[in-house]
Amino acid sequence: MGKRNLVGLTLAGLQQVAIEMGMPLFSAKQMAEWLYVRQITDISQMTNISLKFREKLAGEYEMGLSAPIHRVESVDGTVKYLFDAGQGHSVESVFIPDGDRGTLCISSQVGCKMGCVFCMTGRQHYTASLTAGQILNQILSLPEKERLTNVVFMGMGEPLDNLDNVLAVQEILTSAWGMAWSPKRITISTVGLRRELKRLVESCQCHIAVSLHAPTPEKRLQLVPAEKAFSMTEMLQVLSGYDFAHQRRLSFEYTMFQGVNDSPDDAHQLVRTLQGIPCRVNLIRFHAIPDSPLRTVPEDRMLEFRDYLTAHGVFATIRASRGEDIWAACGMLSTAKEKEQQ
C-alpha cells in the first residue's frame, strides 16, 4: 500500500495522525498550520516538529498535492485546469478572474449520478467521489491561488452526493486552525438532495445555490432527472424553514433554453414558485454541448425574463458568460481528454 495523504485531513484527523505516530497532541495544530496556513509542499518543511517525528511521519504519509495535468486559457482570461483523479480519470477546475475578484469553480466527483440533460458531466456517468484531499488540491495547487477570493462547488459532480468530504473541505477552509476564510467566500451548488440539503444548511454558513432550471416540477423533470427522487416541491419546503435573509445567500440557478423554459408564462410560474423565499435567481446562458437539441436563448429574451422576475419581487441577474472558447461547459474538457486516451 502507498503512503496516505495529509492534505484534506481536518484537525480531528491530524490529531489521529499524531496519536498514531506517537507525537504530542499539539502537533496536530502545528501540522494544520503548515498544511493550510503556510501551505508547504513537503513534510520536511515542518521545522517546528522534531526531525525524528518528521522522518517518521514521512515514512507513512505524503502531502497529497499534485499540479494540474492540463491547462487551457480563454481569450477573456478564464483558465480551465484538469487534475488527475486516478485510474485514467480527470476532473476540471475553472479559474475566473474579474477585477479584484478571483473565483475558482471546483469539482467534487468524477462524473455525476444526476444525469442533467444539458450537462456534459452527466453523460460521463458516475465513476467516483473525490476525497477531501483531491477537492482541496484543486485550491492549494492552483497556480493563481494568491489571487483567489472565492470558491464555488459548481464543477463536476453533485456536492451533496459527496457531502462528508465537501463539509471536511469547508471546515478546513473556514476554521481558525485552517485557512480561516469567511463562509461568505464559499458557495455550494446542488440539485437538492433533500436529507443532505437539510444537513448542509444546518452544518455551515456557506452560500447555497440550487440548480432549479424550471418553474414547475413537470418541466424540471424533463431537464433534471433527479427531480423524480428529489422533488423541487419538497426541496423548497426544506429551504423555507431557514432564515436566508441574513449573512448567507440562497440562489437558484436557472439555465435558459430556447422554447423550453423561457416564455412569459415560465417567468410568471417561477415567481409563484419562489414567492416568500428570500433568494436571487441567476439566469445562465446555455453553453451548447455536442448532440444536444437544446438551444441558447437570445439576449433580448433573457433580459425580458430577468426584468419580469425583478419587477415581481424576485431579484434576478444574468450570469456573465465566460470561457466559451475553451470548452466552458462543465465536463467537456475532461471528456475530450478521456477520448484521447482511449
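Just above sits the structure.
Note that the coordinates shown come from a computational prediction; the quantities given were computed from them, not determined experimentally. (Residues numbered from 1 in each chain as written. Predicted model: local features only at pLDDT ≥ 70, side-chain atom pairs only at ≥ 80, totals over all residues. Heavy atoms only, no water.)

Asks: Give a detailed account of the pairing of strand β10 (residues 186–190), specifying residues and quantitative values.
Replies: Judged by how many residues are buried, β10 sits mostly within the fold: five of five residues are covered. Side chains of β10 alternate between two faces, with Ile186, Ile188 and Thr190 and Thr187 and Ser189 buried alike. Pairing analysis gives three bridges linking strand β9 (residues 150–153) to β10, with the strands arranged parallel. Bridge pairing in β10 places Val152 opposite Thr187. As a crossover connection, the stretch from β9 through helix α6 (residues 163–174) into β10 is right-handed. Where β10 and strand β11 (residues 207–211) come together, four bridges link them in parallel fashion. Bridged to Ile188 within β11 is Ile208. Regarding the hand of the β-α-β motif, the stretch spanning β10, helix α7 (residues 194–203) and β11 is right-handed. (Buried < 20%, exposed > 50% of the residue type's maximum accessible area, 1.4 Å probe, protein only. Helix = DSSP H or I, 4+ residues; strand = E, 2+ residues; numbered from the N terminus. Pairing = 2+ DSSP bridges. Right-handed = clockwise from strand over helix to strand, strands pointing away.)

Asks: Now, about the environment of Thr10: what can you tell me, with residues and values included?
Replies: For Thr10, the position within the fold is in the loop between β1 (4–5) and α1 (11–21). Residue classification places Thr10 among the buried positions, given a relative accessible area of 14%. Placed 22 residues apart in sequence, Thr10 and Ala32 show a C-alpha to C-alpha distance of 7.9 Å. Not counting chain neighbours up to four residues away, the residues in contact with Thr10 comprise Ala168, Glu171, Ile172 and Trp177. (Contact = heavy atoms within 4.5 Å.)

Asks: Just give me the short version of the packing of helix α10 (residues 264–274) against helix α11 (residues 299–311), but keep the residues and values in it.
Replies: Where α10 contacts α11, the two axes come as close as 10 Å, and the packing angle between them is 30°. Classified by the angle between their axes, α10 and α11 sit roughly parallel to one another. In the crossing of α10 with α11, the sense of the turn from one axis to the other is right-handed. The segment α10 lies against α11, with Asp266, Ala267, His268, Leu270 and Val271 engaging Phe305, Tyr308 and Leu309. (Axes fitted to C-alpha atoms, helices over the stretch in contact; angles between N-to-C directions. Parallel < 35°, antiparallel > 145°, perpendicular 65-115°, else oblique. Left-handed = near helix turned anticlockwise from the far one by under 90°.)

Asks: Please provide a residue-by-residue account of α7, values included.
Replies: All of the buried residues in α7 are Leu197, Leu200 and Val201. Down the axis, α7 shows its buried residues gathered within 95° of arc, on one side only. Where the residues of α7 are buried, they touch α6, β10, β11 and α9 (232–239). (Arc of directions from axis to C-beta.)

Asks: Which residues make up the nonpolar core, and what values go with them?
Replies: The biggest cluster of nonpolar side chains holds 102 residues, and the ones touching the most others in it are Tyr36, Met46, Phe252, Val281 and Leu309. Top contributing element to this core by residue count: α6, with seven residues. (Core = buried A, V, L, I, M, F, W, Y, C linked by side-chain atoms within 4.5 Å.)

Asks: Can you tell me about the sheet that holds strand β4 (residues 79–86), naming the residues and giving the values?
Replies: Paired through their backbone hydrogen bonds, the strands of a sheet run either parallel or antiparallel. Within the open sheet, the ten strands sit side by side as β3-β4-β5-β6-β9-β10-β11-β12-β13-β14. Their pairing is mixed. What marks the edges here is a single partner per strand, and that holds for β3 (70–73) and β14 (315–318). On average, each strand axis in the sheet is inclined to that of its neighbour by 20°, with strand direction left out of account. For strand β12 (residues 250–256) and strand β13 (residues 280–285), the ladder comprises six bridges, and the chain directions are parallel. Bridge pairing links Met256 to Arg285 in β13.

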